[in-house]
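Structural features, examined
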Amino acid sequence: MHRTCGWCGTVVAGERTNCSNCGGPLPAPPGSDPGPAPGAAPRALPSAYTRGLFANFGVLFGSIFSGVGCLVITLMCGFAILLPPLALGSLLGLLFAFIGSVFLFEGVRSAFRERRVLMWGEPVVGTVLSVAGEGSFSRITWSFEVDGATHAGTCQCSDPYVLTYGEGDTLHVVWLPKEGRSAVWPPLPGLEA
Ligand SMILES: [Zn+2]
């Protein structure tokens, strides 16, 4: 069975341990061996992953909206030389630019947040709690123990390969206690949620 690289989205043969495109490590296959442990933080992440992370909806939509807003402001101020009331049109541009910058800010913030857990998270061995299909997605939930406390994490994954994991299988997890968030290491393709 094929699987999708969580770093760059390339589909590779299921038995591979590293991606044929970006070279990034892939999560261990289902079973009790979680594979090689994550290196010491800060970890270098494949550049294809960082690029993809910042090309998210918020960044793309926000950039377009802000761009259109700035264009409207410029045009309206220009035309206002001929017809002064048109200067009011720049308020519409200002609104566009404001909405765009909110999305842009949120997009950049979420990209840094996802990168942070993989770069700086404390490594721990986690156990798969459940896997289930959710329409075209698959949800995987894991738990892990740190200092006697049990924590859980979940990911909405875009790769059906995840459904081959079963309850009790082990995976490496990286954990940011300050933010209360964890991620599977190496990452699974999909949305953190
Ligand atoms: Zn890859």
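Not measured: the values here are computed from a predicted model.

Looking only at helices and strands, the protein chain features three helices and eight strands. Listing the helices and strands of the protein chain from first to last along the sequence gives β-β-α-α-α-β-β-β-β-β-β. Taking 16 Å as the expected radius of gyration for a compact globule of 193 residues, we find that the protein chain reaches 22 Å, considerably beyond that expectation. Along the first, second and third principal axes, the C-alpha atoms of the protein chain reach 75 × 35 × 30 Å. Scored against the burial criterion, the 193 residues of the protein chain give a buried share of 26%. For the protein chain, contacts bridging at least 24 residues in sequence account for 62% of all contacts bridging at least 6.

Take the nonpolar core next. Ile140, Val173, Val174, Ala183 and Val184 are the most contacted members of the largest nonpolar core, which totals 18 residues. Put simply, the parts of the chain that give this core at least two residues each are helix 3 (89-120), strand 4 (137-146), strand 5 (149-157), strand 6 (170-176) and strand 7 (181-185). Per element, the largest residue contribution to this core is four residues, and it comes from strand 6. Among residues more than four places away in sequence, those in contact with Val174 are Pro38, Val117, Leu118, Gly121, Glu122, Pro123, Ser182, Ala183 and Trp185.

Now for the domain arrangement of the protein chain. Taken domain by domain, the protein chain comprises domain 1 (52-116) and domain 2 (122-192). A separation of 36 Å is found between the C-alpha centroids of domain 1 and domain 2.

What follows concerns helix 3. Taking 1.5 Å per residue as the helical rise, helix 3 with its 32 residues ought to reach 46 Å, and the 46 Å between its terminal C-alpha atoms agrees with that figure. Residues of helix 3 that are buried: Ser90, Phe96, Ala97, Gly100, Phe103, Leu104, Gly107, Val117 and Leu118. Looking at the packing, one finds that the buried side of helix 3 touches helix 2 (57-79), strand 6 and strand 7.

Let's shift gears to helix 2. Under the 1.5 Å per step criterion, the end-to-end length of helix 2 is 33 Å for 23 residues, consistent within 8% with the ideal 33 Å. Restricting attention to buried positions, one finds in helix 2 the residues Gly62, Phe65 and Gly69. Structurally, helix 2 contributes buried residues whose contacts are with helix 3.

Inspection of the secondary structure puts Gly39 in the loop between strand 2 (11-13) and helix 1 (47-54). Residue classification places Gly39 among the exposed positions, given that 11 C-beta atoms sit within 10 Å. Counting along the chain gives 20 residues from Gly39 to Val59, while the straight-line C-alpha distance between them is 30 Å.

The next subject is the pairing of strand 6. Most of strand 6 sits inside the fold, with five of its seven residues counted as buried. Strand direction decides the pairing type here: strand 3 (residues 122-134) and strand 6, joined by six bridges, are antiparallel. Pairing of Val124 across the sheet is with Val173, part of strand 6. Sheet analysis places strand 6 next to strand 7, joined by five bridges and oriented antiparallel. Residue pairing in the sheet places His172 in a bridge with Trp185 of strand 7. Taken together, strand 6 and the strand that follows it, strand 7, pair antiparallel across an intervening segment of four residues, in which Gly180 is found at a positive phi of about 65 degrees.

Moving on, we come to the confidence of the model for the protein chain. For the protein chain, per-residue confidence averages 92 on the pLDDT scale, and 99% of positions sit at 70 or higher. The least confident element of the protein chain, judged by mean pLDDT, is strand 8 (residues 190-192) at 73; the most confident is strand 6 at 96.

What follows concerns the pairing of strand 5. With nine bridges joining them, strand 4 and strand 5 adopt antiparallel strand pairing. For Trp142, the partnering residue across the bridge sits in strand 5 and is Gly153. Between strand 4 and strand 5, which pair antiparallel in sequence order, lie two residues; one of them, Asp147, sits at a positive phi of approximately 50 degrees.

Rules used throughout
Residues numbered from 1 in each chain as written. Predicted model: local features only at pLDDT ≥ 70, side-chain atom pairs only at ≥ 80, totals over all residues. Helix = DSSP H or I, 4+ residues; strand = E, 2+ residues; numbered from the N terminus. Rg over C-alpha atoms; globule rule 2.2 N^0.38 Å. Buried ≥ 20, exposed ≤ 12 C-beta atoms within 10 Å, placed from the backbone. Contact = placed C-beta atoms within 7 Å. Core = buried A, V, L, I, M, F, W, Y, C linked by C-beta atoms within 7 Å. Domains from an automatic or database assignment. Expected span 1.5 Å × (residues − 1). Pairing = 2+ DSSP bridges. pLDDT = per-residue confidence, 0-100.

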